[in-house]
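Coordinates in review
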Amino acid sequence: MNIGIIGAGAISNFLLQKLNGRQDIKIKSIFVRDKEKYQSLESNFQVTLFTDLDAFLDSDIDIVVEAADLHAVKSLIPSVIKRKAVVLISIGALADVELLKEISHLSNEYKHEIHLPSGAIGGLDLLQNAHALGLVTGVSLTTRKPASSLIDEAIDEAKVVFEGSAIEAIRQFPKNMNVSIVLSLAGIGFEKTRVSLIADPHIDKNVHHIEIVGDFGEATFTITNNPLPENPKTSYLAAMSILGTLNRLDGRLRIGG
Ligand SMILES: NC(=O)C1=CN([C@@H]2O[C@H](COP(=O)(O)OP(=O)(O)OC[C@H]3O[C@@H](n4cnc5c(N)ncnc54)[C@H](OP(=O)(O)O)[C@@H]3O)[C@@H](O)[C@H]2O)C=CC1
Ligand SMILES: O=C([O-])CC(=O)C(=O)O
């Protein structure tokens, strides 16, 4: 399987390093805004950089991985999905219901799948199963990140910087709250999924605590994530979840779900 990636930041670099030398899954093409800035990737990883979207999509790729930002999803993915299946990680973009409708419609029309990895969290299989009959009554996410990932001011004590719905969380923290939107999509929606976000000056991990309540019973998950050094806002597991999605696409054994 040949991959084209949009974006060349922390997640893309992780994927380039981890897939380097693999024969079954190869990154061939990267779509960037500034070729000069990322030129060294071409020689380091034997990839081709593109700034023209059509040329990128015409290159020898089977699937596109988006690892850029919410704006890139909005401006590029409606064109991409007409030509290729996509793996999206800036899932917060889909809190824009018009965009979600448009991309879903194009996905059906052009028969290209949209894959949403679980990113920096887990438990989405359980949530989807529990929600299958609409009998989940509550979903909450409490995220605790190093203060410097969330706010500019210096603080001595942990501080709640946001409490409210998932939709408002991604509006206020677009680089930190993609997890709240994938959780909403798997479960009870953007308004009903409740979010608390805590800036903590005493931690160096990204911690996501999820509570789910429904007719099935109750579930809690705490994921204590190591951050990616290149972008500490982003957890290691978010990048790994893309790799997991690509690995599973290539195989025939389906586990969980
Ligand atoms: N679903 C989840 O659980 C998680 C999602 N994320 C999301 O994943 C995305 C990537 O994260 P990460 O790698 O850490 O981010 P980085 O900031 O490290 O890298 C982003 C890259 O995307 C590029 N980019 C932005 N817009 C465009 C565009 N229109 N066209 C081409 N390239 C573009 C940037 O290039 P340039 O140099 O030109 O700015 C940069 O190379 C983010 O949206 C982040 O919020 C992160 C963690 C968890
Ligand atoms: O990587 C994380 O821990 C979560 C994150 O940034 C996001 O969901 O946007």
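Residues numbered from 1 in each chain as written. Chains lettered and ligands numbered in written order. Predicted model: local features only at pLDDT ≥ 70, side-chain atom pairs only at ≥ 80, totals over all residues.

What about the sheet that holds strand S4 (residues 63–66)?
- One open sheet holds the 6 strands; their spatial order is S3-S2-S1-S4-S5-S6, and the pairing between them is parallel. Because the sheet does not close on itself, it has two edges, and the strands there are strand S3 (48–50) and strand S6 (114–115).
- As paired strands, strand S2 (residues 26–31) and S3 are joined by 3 bridges and run parallel to one another. What sits directly across from Ile30, in S3, is Leu49.
- Contacts between helix H1 (residues 10–19) and the sheet are confined to strand S1 (2–6) and S2, with S2 contributing the most and set at about 155° to the helix. (Pairing = 2+ DSSP bridges. Helix = DSSP H or I, 4+ residues; strand = E, 2+ residues; numbered from the N terminus. Contact = placed C-beta atoms within 7 Å. Axes fitted to C-alpha atoms, helices over the stretch in contact; angles between N-to-C directions.)

Overview of the UniProt feature "active site" (unreviewed entry) in the protein chain
- UniProt annotation of "active site" (unreviewed entry) refers to His208 when read in the numbering used here.
- Position of His208 among the secondary structure elements: in strand S10 (residues 206–214).
- We classify His208 as buried; it has 24 C-beta atoms within 10 Å.
- Excluding residues within four positions of it along the chain, His208 makes contact with Ala120, Ile121, Leu141, Thr143, Val179 and Ile223. (UniProt positions renumbered as here; feature names shortened; annotations may be inferred. Buried ≥ 20, exposed ≤ 12 C-beta atoms within 10 Å, placed from the backbone.)

A short note on the site of ligand 1
- Neighbouring residues of ligand 1: 28 residues in total, closest Gly7, Gly9, Gly119, Thr234 and Ala238.
- Listing elements by their share of the shell around ligand 1, those giving two or more residues are H1, helix H10 (178–186) and strand S13 (231–235).
- Looking at side-chain class alone, the shell around ligand 1 contains 15 nonpolar, 8 polar and 5 charged residues. (Near = placed C-beta within 6 Å. Nonpolar A, V, L, I, M, F, W, Y, C, P; charged D, E, K, R; others polar.)

Some words on helix H5 (residues 70–80)
- Listed in full, the buried residues belonging to H5 are Leu70, Val73, Ile77 and Val80. Buried residues of H5 fall within an arc of 85° about the axis and therefore sit on the same side. For H5, the exposed residues set more than 90 degrees away from the buried face come down to His71 and Ser75.
- Next to the buried residues of H5 lie helix H4 (53–58), S4, strand S5 (85–88) and helix H6 (97–110). (Arc of directions from axis to C-beta.)

Quick look at the domain arrangement of the protein chain
- Once the domains are mapped, the protein chain shows domain 1 (2–116) and domain 2 (124–231).
- When each unit is reduced to the centre of its C-alpha atoms, the spacing between domain 1 and domain 2 is 25 Å.
- Counting residues per element, the side of domain 1 that touches domain 2 draws most heavily on H1, at 3 residues. (Domains from an automatic or database assignment.)

Some thoughts on the packing of H5 against H6
- Look at H5 against H6: their axes get within 9 Å of each other, and the N-to-C directions meet at 20°. Between H5 and H6, the interaxial angle falls into the category roughly parallel. Every pair of crossing elements has a handedness; the one defined by H5 and H6 is left-handed. Touching Lys74, Ile77 and Pro78 of H5 are Leu99, Glu102, Ile103 and Leu106, all from H6.
- A breakdown of the residues in the contact of H5 with H6 according to their chemical character gives 5 nonpolar, no polar and 2 charged. (Parallel < 35°, antiparallel > 145°, perpendicular 65-115°, else oblique. Left-handed = near helix turned anticlockwise from the far one by under 90°.)

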